[in-house]
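The primary structure of each chain is shown beneath.
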Amino acid sequence: MKPQPLRRALLGLAAAGLLYGPAASWAAPDYPTKPVTIIVPFPAGGGTDVIFRSVQQRLQAALGVSVIIDNRSGAGGTVGTGFGAKANPDGYTLVAATTSTIASADAVYPKLPYDPIKDLMPVGTIGTTPFVLVVTPSLAARDLKGFIDYAKAHPQALNYGSIGNGSLSHLTGELFKQRTGIEMTHVPYRGAAPAQADLMAGQIQALFDNPPALLAQVRGSRMRALAISEPSAGFDGVPTFEQAGIKDFKPQLWYGLMAPAATPQPVMQRLRAALDTAMNDPALRADMLAKGVTPWNVQPDGFQAQIRGDIKLWGGIARSVNARAD
């Protein structure tokens, strides 16, 4: 028996994906139709905020709708990340992710309000920032070898600062101790500014931090850069840790874009395409490099692999020294 004309028409619409229903509605190219919000879990004006505001403009052009930055800071970025992770998974609320909020947070915060693997999906990466070892100018060591030799000759004489207990600045110092076999005493601060002030005053002898936070002080000879995890603008002539003889020590802070779990795949694909377009903009890449951030754009699978590897690395370091965020 042949289908009647109306039935044939309905079958044709169903085959074309034009009938109403979940699969059909997401198959239609109707995303986005309203502004997209990126939750930046740190204060306005900070490093993460500055980077995402650079990306915001290009992403807005690629999506064809407004992209809004919503700063929701607190508890080392975990408050805003938790808010974004629990948002409606429709592609209209995204999360600015970093190594500290995704890879190390689970180990240093006893009651994390989200699961970095189960509650969030990677859209893609944006960039990386290396870590620099800087020392007080009064320290006799002039290079990394001299610093390590001094530490071994004077056990427990060196104090290294960090921007807070459980921060990547802290964990990088602990990883450095493991890789070199030296002893240093950790002195936590509430942020980069007081740590830098005490370093320049000689109250502490060493600090691990990112280039943008240190460049002005290094250029002013108020602190000395001994090594960096990867080359960075403004630190020409500073050797990498590997060049200075420390193998398997490449700490970095990465920035990426994530969405709540269960966001539909067609939406994720649209976001991925828009991020690719944004990251291929030469002006954006130049702007990021000028800010001390190396553009780094990998696909979601590669980003997920990076996350899992860093959770193992930084979580392991944090647990080995019982690091807990303040």
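Residues numbered from 1 in each chain as written. Predicted model: local features only at pLDDT ≥ 70, side-chain atom pairs only at ≥ 80, totals over all residues. Heavy atoms only, no water.

1. Structural notes on the packing of helix α3 (residues 47-63) against helix α11 (residues 282-290)
Viewed as axis vectors pointing N to C, α3 and α11 meet at an angle of 175°, and their least axial separation amounts to 10 Å. Regarding the angle of α3 to α11, the classification is roughly antiparallel. Each of S54, V55 and R58 in α3 lies in contact with α11, whose residues at this interface are A283, L284 and D287. (Axes fitted to C-alpha atoms, helices over the stretch in contact; angles between N-to-C directions. Helix = DSSP H or I, 4+ residues; strand = E, 2+ residues; numbered from the N terminus. Parallel < 35°, antiparallel > 145°, perpendicular 65-115°, else oblique. Contact = heavy atoms within 4.5 Å.)

2. So, the layout of surface pockets
The computed volume of the largest pocket comes to approximately 1100 Å³. Lining the largest pocket are 40 residues, and of these F42, S100, I163, S167 and G191 sit closest to its centre. (1 Å grid on protein atoms, 1.4 Å probe; cavity = no way out; pocket = protein on both sides within 12 Å on 5 of 7 lines; lining within 4 Å. Points joined across faces, edges and corners; volume = space filled by probe spheres on them.)

3. Details of the packing of aromatic side chains
In this structure the tally under the stated criterion is nine aromatic pairs. Members of the aromatic cluster, each reached through a chain of ring pairs, are F147, Y160, F176, F208, F241 and F249. A cation sits over an aromatic face here: K34 above Y92, 4.7 Å from the ring centre. Here R72 stacks its cationic end above the ring of F83, 3.8 Å away from the centre of that ring. (Phe/Tyr/Trp six-rings, centres within 6.5 Å; stacked < 30°, edge-to-face > 60°. Lys NZ or Arg CZ within 6 Å of the ring centre and 35° of its normal.)

4. Remarks on the sheet that holds strand β5 (residues 132-135)
With mixed pairing, the five strands of this open sheet are ordered in space as β7-β6-β8-β5-β9. At either end of the open sheet lies a strand with only one pairing partner, and these are β7 (185-188) and β9 (224-228). Going from strand to strand, the sheet's axes swing by 30° on average, the running direction of each strand aside. Bridge analysis of strand β6 (residues 159-162) against β7 gives four bridges, and the strand direction is parallel. By the bridge assignment, Y160 is partnered in β7 with H186. (Pairing = 2+ DSSP bridges.)

5. Side note on α3
The end-to-end C-alpha distance of α3, which contains 17 residues, comes to 24 Å, matching closely the 24 Å that a straight helix rising 1.5 Å per residue would cover. By the burial criterion, the buried members of α3 are T48, D49, I51, F52, S54, V55, Q56, R58, L59, A62 and L63. (Expected span 1.5 Å × (residues − 1). Buried < 20%, exposed > 50% of the residue type's maximum accessible area, 1.4 Å probe, protein only.)

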